[in-house]
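Residue-level structure breakdown
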Amino acid sequence: MKLEIVFKDGRKETFDGVVSFNVTEEQITKKECHASDLAQTPSEGKLFEVNPLGIDRSKFEKPMSNRQQEWTRQIIQEAFAEVDKHPEKYASAFYTLMPEKKWNGYKTVAELKAYANDLDGQMADWVEQALEWAQRLFNGESWETICNNADTANWYRVILWKNGCYRLVGGSRRGSNSYPASDVNFYDYYSYGRIYDTVPLVVL
């Protein structure tokens with residue numbers, strides 16, 4: 001058997017006469033964060049893979065009777081439109097990360113953006129957040145898990161919203177609330193805004 005391996009730097013190597021091979025997990029390390037594997041669902045300190053072009057969009061065509069599920073579906077549809085409109089920005093696969101919160105008290109939005117940059121990434125915007133929801137649903141998670149049940153994350157996530165301001169997403173177990181993962185708070189934050197119980201949603 002001939003086996004071709006493509007490395008992350010683009011190199012290719014071909015091996016002839018291969019009888020068997022094993023695939024081992026890759027250690028993925030980012031500054032201030034260590035992810036030993038890819039998470040099946042978004043988890044603190046682990047990378048979650050989103051592949052916009054690999055998501056079956058037909059799953060999101062039928063309107064939902066539940067209000068929060070329908071709102072989420074519409075945001076996902078808007079995100080797909082942005083993928084088509086700006087493929088150079090959104091069409092490639094990416095990772096999202098909920099980093100560990102290693103500080104007490106609050107941080108400003110500007111500080112949270114800087115923290116995302118320190119992790120070699122950037123703060124997610126609403127399109128990338130919606131694509132993460134779509135990927136989770138495409139992977140097999142239920143609409144109820146993402147739109148109706150209490151979020152399992154420890155902290156809120158802050159993202160750049162459609163209006164150019166910043167909003168909190170999801171729930172916070174440490175903050176003792178039961179908001180679902182696709183909840184987007186209506187309050188707009190600016191760069192100087194102080195936020196408690198929150199980490200940036202990081203795109204890598």
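Anything mentioned here points back to the structure above.
No experiment lies behind these values; they were computed from the predicted model shown. (Residues numbered from 1 in each chain as written. Predicted model: local features only at pLDDT ≥ 70, side-chain atom pairs only at ≥ 80, totals over all residues. Heavy atoms only, no water.)

**Remarks on the overall build of the chain**
Helices and strands together make up the secondary structure of the chain, namely 5 helices and 13 strands. Every one of the 204 residues in the chain was classed for burial, and the buried ones make up 45%. Of the contacts made within the chain by residues no fewer than 6 positions apart, 64% connect residues no fewer than 24 positions apart. When the accessible surface of the chain is split by element, carbon and sulfur atoms take 46% of a total near 11,400 Å². (Helix = DSSP H or I, 4+ residues; strand = E, 2+ residues; numbered from the N terminus. Buried < 20%, exposed > 50% of the residue type's maximum accessible area, 1.4 Å probe, protein only. Contact = heavy atoms within 4.5 Å. Areas by Shrake-Rupley, 256 points an atom, 1.4 Å probe, with all protein chains shown as cover.)

**Re the side chain of Asn154**
The topology assignment puts Asn154 in the loop between helix H5 (143-147) and strand S9 (156-160). Polar side-chain contacts of Asn154 include one of 3.2 Å to the side chain of Arg173. (Polar contact = N/O pair within 3.5 Å; in protein donor to acceptor, adjacent residues only side chain to side chain.)

**Re the packing of helix H1 (residues 67-85) against helix H4 (residues 126-139)**
Contact pair H1 / H4: the axes reach a minimum separation of 8 Å and the direction vectors enclose 115°. With respect to H4, the axis of H1 lies roughly perpendicular. Classified by chirality, the crossing of H4 by H1 is left-handed. On the side of H1, the interface is formed by Trp71, Thr72, Ile75, Ile76, Glu78, Ala79, Phe80, Glu82 and Val83, while H4 contributes Trp126, Val127, Ala130, Leu131, Trp133, Ala134 and Leu137. In terms of residue class, the contact of H1 with H4 is built from 13 nonpolar, 1 polar and 2 charged. (Axes fitted to C-alpha atoms, helices over the stretch in contact; angles between N-to-C directions. Parallel < 35°, antiparallel > 145°, perpendicular 65-115°, else oblique. Left-handed = near helix turned anticlockwise from the far one by under 90°. Nonpolar A, V, L, I, M, F, W, Y, C, P; charged D, E, K, R; others polar.)

**Re the sheet that holds strand S10 (residues 166-169)**
Strands sit in the order S10-S9-S12 across an open sheet of 3 strands; the sheet is mixed. Of all strands in the sheet, those with a lone pairing partner are S10 and strand S12 (198-200), marking the two edges. When strand polarity is set aside, the average angle formed by the axes of neighbouring strands in this sheet is 35°. Pairing geometry for S9 and S10, over 4 bridges, is antiparallel. Bridge pairing links Val158 to Leu168 in S10. (Pairing = 2+ DSSP bridges.)

**Quick word on the packing of aromatic side chains**
Scanning the model with the defined rule gives 9 aromatic pairs in all. Between Trp126 and Trp161, the ring centres sit 6.5 Å apart and the planes meet at 65°, which makes this aromatic pair edge-to-face. With a gap of 35 residues between them, Trp126 in helix H4 and Trp161 in the loop between S9 and S10 connect regions that are remote in the sequence. Grouping residues by exposure puts Trp126 and Trp161 together as buried. Aromatic rings pair up to connect Trp71, Trp126, Trp133 and Trp161 into one cluster. Lys107 extends its terminal NZ or CZ atom over the ring of Trp103, reaching a point 4.9 Å from the ring centre. Here Lys162 stacks its cationic end above the ring of Trp126, 5.4 Å away from the centre of that ring. (Phe/Tyr/Trp six-rings, centres within 6.5 Å; stacked < 30°, edge-to-face > 60°. Lys NZ or Arg CZ within 6 Å of the ring centre and 35° of its normal.)

**Structural notes on the pairing of strand S6 (residues 94-97)**
The pairing of strand S5 (residues 47-50) with S6 spans 4 bridges and is classified as antiparallel. Following the sheet pairing, Leu47 is matched in S6 by Leu97. Pairing of S6 with strand S13 (residues 202-203), which is carried by 2 bridges, proceeds in the antiparallel orientation. Bridging across to S13, Thr96 finds its partner in Val203.

**Overview of the sheet that holds S13**
The sheet built from 4 strands is open, its strands ordered S5-S6-S13-S8 with antiparallel pairing. Every other strand in the sheet has two partners, leaving S5 and strand S8 (122-123) as the edge strands with one partner each. The sheet strands contacting H4 are S5, S6, S8 and S13, and the helix crosses S5 at an angle near 85°.

**Description of H4**
With 14 residues, H4 should reach 20 Å at 1.5 Å per residue; the first-to-last C-alpha distance of 20 Å fits that figure. Taking burial as the measure, the 14 residues of H4 include 12 buried ones, the bulk of the element. Of the residues making up H4, those classed as buried are Trp126, Val127, Glu128, Gln129, Ala130, Leu131, Glu132, Trp133, Ala134, Gln135, Arg136 and Leu137. By the N-cap criterion, in which a side-chain oxygen at the helix start approaches the backbone nitrogen of a residue two or three places on, H4 is capped by Asp125, the distance to Val127 being 3.1 Å. (Expected span 1.5 Å × (residues − 1).)

This is a description of form; function is not addressed.
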